[in-house]
Amino acid sequence: MKRFSRSPNKETETRLREHRPVPRPSFLAALVEEISPRSHGRAGLRRTALAAALSAAILGVIAAFGGVGYAASAVKGADVTAVWRLVGVSHPAKHHVAKHHATASSRALATSKDNGKDDQYKPGKGCGDKNHIHAREDECKKPPK
Amino acid sequence: MLRFDPLADSERLIKRVYAYVAYRIGDGADAEDVTSETFERAVRYKSSYDRSKGEPISWLLGIARRCIEDSWKHRLATTSEVPDVAAAGALEDETENRLLVAAALARLNERDRELIALRYGADLTARQIGNLLGLRANAVEVALHRTLGRLREAFEAGPLGEAGLPPPEARSVRI
């Protein structure tokens, strides 16, 4: 049986592969550490931690001087005022329902019926008003005739 | 979206690049310097790596080739370093064999050393070598076959050959 002759260069190839130069373990480890993404990631982690610490410190200082409560009440007030403006009412207590449950149509109705003019001007309300109607006899001090 | 990291398998890549560099310029401190420089540049220009143009090892070897050229510019002489084989008898077998391989490689010209380094140092295929050098895979295989023949002759001739020195063309011929 005919045998295939081995390539004359096979031995040389084997020799080159087996005795391939290898880096020193210490050099390899140092270079791996240097280019590892973890080493770059650590720097990023440090930056994030520093930013978080600074943010916490700033918040702490603001809270110590009551800034958080002041800011919260300001935001709350601004929110309510904005709603009043949107709804178009001048007195929130009277129009509580209208403020919270106003649809487009009911809001239009509320603004047409209830406005500041009605609250301020009520004919015949006071005793000095000429149109005042006395509900009781002794309600108003009558001027001596 | 996560970017592909060409240096993810760093240990394996370092070994391949180091073997390539050591086959080109000789094992030791110079090879370590060039390998370090190669990876330093790779980290610096990592964002420029284009996966569609080739594998990370091909990209790294392109950088390594430029680093080798730069290191040659800084050298006063371009002579190939022939190891001190007189002391080889006292060394371990593995080290002795490596020295013999290095001595045989030192007898080759730069083009042959480049081919050997890419094929047996960096472990590239003929196609990958062809892409890197701008040759066809078939041409690379033929060139490698001839180079191995010359290397075999260098092994048979002994560490320093009959004249005791590498051939003159091995000292200064560049690709």
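Attention in this report is confined to the structure presented alongside it. What you see is a predicted model, and the numbers here were worked out from it, not measured in a lab.

**Thoughts on the overall build of chain A**
Next, step 1: A count of helices and strands for chain A gives seven helices and zero strands.
Next, step 2: Here chain A, with 145 residues, has 6% of them falling under the buried criterion.

**Observations regarding helix H6 (residues 126-133) of chain B**
Residue and element names in this part refer to chain B.
Next, step 1: Of the residues making up H6, those classed as buried are Ala126, Gln128, Ile129 and Leu132. Seen from one end, H6 has its buried residues packed into an arc of 160°, which puts them on one side.
Next, step 2: In this structure, the buried residues of H6 make contact with helix H3 (56-74), helix H5 (110-121) and helix H7 (137-157).

**Here's the deal with the packing of helix H2 (residues 25-35) of chain A against helix H2 (residues 29-44) of chain B**
Next, step 1: Taken N-terminus to C-terminus, the directions of H2 of chain A and H2 of chain B make an angle of 10°; their axes are 11 Å apart at the nearest point. As summarised for this structure, H2 of chain A and H2 of chain B are arranged roughly parallel, according to the angle between their axes. On the side of H2 of chain A, the interface is formed by Phe27, Leu31 and Ile35 of chain A, while H2 of chain B contributes Glu32, Ser36, Phe39 and Val43 of chain B.
Next, step 2: Of the residues belonging to the contact of H2 of chain A with H2 of chain B, the class tally is five nonpolar, one polar and one charged.

**Details of the interface of chain B and chain A**
Next, step 1: Tallying the contact residues gives 29 residues for chain B and 19 residues for chain A.
Next, step 2: Here the side of chain B that touches chain A gets eight residues from one element, more than from any other, and that element is helix H1 (residues 10-25) of chain B.

**Describing unusual backbone geometry**
Peptide bonds are trans in most cases, and residues, glycine excluded, mostly fall at negative phi.
Next, step 1: Its identity as a non-glycine residue notwithstanding, Asp123 of chain B has a phi of 65°, on the positive side.
Next, step 2: When you line up the elements, Asp123 of chain B lands in the loop between H5 and H6.

**What to know about the packing of H5 of chain B against H7 of chain B**
Residues and elements named next belong to chain B.
Next, step 1: Close contact between H5 and H7 brings their axes to 10 Å; oriented N to C, the two are set at 105°. With respect to their mutual orientation, H5 and H7 come out roughly perpendicular. Along its contact with H5, which presents Asp112, Leu115, Ile116 and Arg119, the element H7 presents Ala143, Leu144, Thr147, Arg150 and Leu151.
Next, step 2: Counted by class, the contact of H5 with H7 contains five nonpolar, one polar and three charged residues.

Thresholds applied
Residue positions within a chain follow its written sequence, with the count starting from 1. Chain letters and ligand numbers both follow the written order, the letters beginning at A and the numbers at 1. Residue-level local features of this predicted model are given only where pLDDT is at least 70; pairs of side-chain atoms are given and counted only at 80 or more, and the full residue set underlies all totals for whole chains, interfaces and linings. A run of H or I in DSSP counts as a helix once it spans at least four residues, and a run of E counts as a strand once it spans at least two, with each numbered from the N terminus. In this scheme every C-beta is placed from the backbone, and a residue whose C-beta has 20 or more other C-beta atoms within 10 Å is buried, one with 12 or fewer is exposed, and one in between is partly exposed. The directions considered for the arc run from the helix axis to the C-beta atoms. Two residues qualify as being in contact provided that their C-beta atoms, derived from the backbone, are within 7 Å of each other. Angles here are taken between N-to-C directions and fall from 0 to 180 degrees, while the axes themselves are lines fitted to C-alpha atoms, restricted in helices to the stretch in contact. If an angle is under 35 degrees, it is roughly parallel; if it is over 145, roughly antiparallel; if it lies from 65 to 115, roughly perpendicular; otherwise it is oblique. Asp, Glu, Lys and Arg are counted as charged, while Ala, Val, Leu, Ile, Met, Phe, Trp, Tyr, Cys and Pro are counted as nonpolar; the rest, among them Gly, fall into the polar class.

No statement about biological role is implied by the geometric values presented.
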